[in-house]
Amino acid sequence: MGQPKHDIGLSVFFPCYNEEANVEPLARKTVDVLTPLVSDWELILVNDGSRDKTGEIIDRLGAENPRIRPVHHPKNGGYGAALQTGFRSATKEFVFFTDGDGQFDVREIEKLLDRRDEADVLCGHRKHRQDKLIRKINSACWAWLVKMMLRFRCRDVDGAFKLFRREIFDNIEMKSTGAMISAEILARASHAGYTMIDIPVTHLPRTAGNPTGANFRVILRAFKELAKLRKDILKGKKQPQTT
């Protein structure tokens, strides 16, 4: 077997909430993808207080493979809390995340890795989003609002297929525990001077589990967080530190 294509360190993580039907196939596929692709990698599975068998499944996967690291929240903290845990748990030079629902083709991580020298943040944008029309309209309106209020650019704000230089998370804060987390990270990184590019990726239909983003309480919480974070994010620009 030849050397992996990319001689780098890569942390990959998935936030998971009640994804017992999705998490194992996605984890095993990711291992198959990463092994010939990256020389030094880890897979972090963040169980955000799931009520199904997600926690048991990721513990079993971790016992089978030392490169798989399960992390558990004792209770559901929200999408933002799960992402915060994933980013803070990452130990490698680069960190990538996608959702545990299997709506992205993890093989396309190679598209981002191939262009990692072009920017600090590589944002996968969904070419043909596989969601209902009303969900796509709501998402587009929300993305326009947060980009206008937080003053940053990204084609697919909430697209869960992004690659970051891990050092970014040494230099920015993360306060959101809800749906605002992606917008907050991108806005803080942009205002700190980090660069971003958009890369088209495939979006797949959800085959199991239930999305939580359209929940009224989730939406209300996001609007409250947006109002609170706007002033905090725009109060000043912090320049990235060099190491």
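What you are looking at is a predicted structure, and each value in this text was computed from that prediction instead of being measured.

K.L.:
Can you help me understand helix α5 (residues 133–150) in this one?
P.N.:
For α5, which comprises 18 residues, the first-to-last C-alpha distance of 26 Å matches the rise-based estimate of 26 Å (1.5 Å per residue) to within 8%. Those residues of α5 that fall on the buried side of the exposure criterion are Ser139, Trp142, Ala143, Leu145, Val146 and Leu150. Buried residues of α5 fall within an arc of 165° about the axis and therefore sit on the same side. The exposed residues of α5 that point more than 90 degrees off its buried face are Leu133, Ile134 and Trp144. With its phi angle positive at about 60°, Arg151 sits one or two positions after the end of α5.

K.L.:
In this structure, what is going on with the layout of surface pockets? I would like to understand it.
P.N.:
Empty pockets left among the atoms are what a rolling probe the size of a water molecule brings to light. Of the voids in this model, the second largest pocket is the one considered here, and its volume is about 260 Å³. Taken together, His125, Arg126, Lys127, Arg129, Lys136, Ser139, Ala140, Ala143, Arg155, Asp156, Val157 and Asp158 make up the lining of the second largest pocket. Elements with a contribution of two residues or more to the lining of the second largest pocket: β5 (121–126) and α5. A per-element tally of the lining of the second largest pocket places α5 first, with four residues. By residue class, the composition of the lining of the second largest pocket is three nonpolar, two polar and seven charged.

K.L.:
How do you make sense of the pairing of strand β6 (residues 161–165) when you look at a structure like this?
P.N.:
In the case of a regular strand, side chains alternate between the two sheet surfaces. Counting buried positions over the five residues of β6 gives five, a clear majority of the element. Of the two faces of β6, the one holding Phe161, Leu163 and Arg165 and the one holding Lys162 and Phe164 are both buried throughout. Relative to β6, strand β4 (residues 94–98) runs antiparallel, the two sharing five bridges. Looking at the pairing, Phe94 lines up with Arg165 of β6. With three bridges joining them, β5 and β6 adopt antiparallel strand pairing. The residue of β6 that forms the bridge with Leu122 is Leu163.

K.L.:
It is not clear to me how the sheet that holds β4 should be interpreted in this structure. Could you clarify?
P.N.:
Note on sheets: strands pair through backbone hydrogen bonds, and any given pair is parallel or antiparallel. Spatial ordering of the open sheet is given by β3-β2-β1-β4-β6-β5-β7, a layout of seven strands whose pairing is mixed. Where the open sheet ends on each side, the last strands, each with one partner, are β3 (68–73) and β7 (196–201). Averaged over all pairs of adjacent strands, the angle between their axes in this sheet comes to 20°, without regard to strand direction. When strand β1 (residues 6–16) meets strand β2 (residues 38–48), the two strands line up parallel, connected through nine bridges. Residue pairing across strands places Cys16 opposite Asn47, the latter belonging to β2. Along the sheet, helix α2 (residues 54–64) makes contact with β1, β2 and β3, crossing β3 at roughly 150°.

So, how was this worked out
Within each chain, residue numbers correspond to sequence positions counted from 1 in written order. The predicted nature of this model means local features are confined to residues of pLDDT at least 70 and side-chain atom pairs, given and counted, to a pLDDT of 80 or more, with totals for whole chains, interfaces and linings taken over all residues. Each side-chain value is worked out from all heavy atoms of the structure, with water and hydrogens disregarded. The helix count covers DSSP runs of H or I at least four residues long, the strand count covers runs of E at least two residues long, and both are numbered beginning at the N terminus. Expected span, for any helix, means 1.5 Å times one less than how many residues it has. Relative accessibility under 20% of the residue-type maximum defines a buried residue, over 50% an exposed one, and the middle range a partly exposed one, all with a 1.4 Å probe and only protein chains included. Taken from the helix axis, the directions to the C-beta atoms give the arc we talk about. Of the two site types, the cavity is a set of points on a 1 Å grid over the protein atoms alone where a 1.4 Å probe fits but cannot get out, and the pocket is an open set with protein on both sides within 12 Å along at least five of seven lines, each lined by residues with an atom within 4 Å of a point. Grid points are joined across faces, edges and corners, and a volume is the space filled by probe spheres set on the points. All amino acids are sorted into three groups, where Ala, Val, Leu, Ile, Met, Phe, Trp, Tyr, Cys and Pro are nonpolar, Asp, Glu, Lys and Arg are charged, and the leftover types, Gly among them, are polar. For two strands to count as paired, DSSP must find a minimum of two bridges between them. Convention adopted: a line fitted to C-alpha atoms gives each axis, helices being fitted over their contacting stretch, and angles between N-to-C directions are expressed from 0 to 180 degrees. Two residues form a contact once any of their heavy atoms are found within 4.5 Å.

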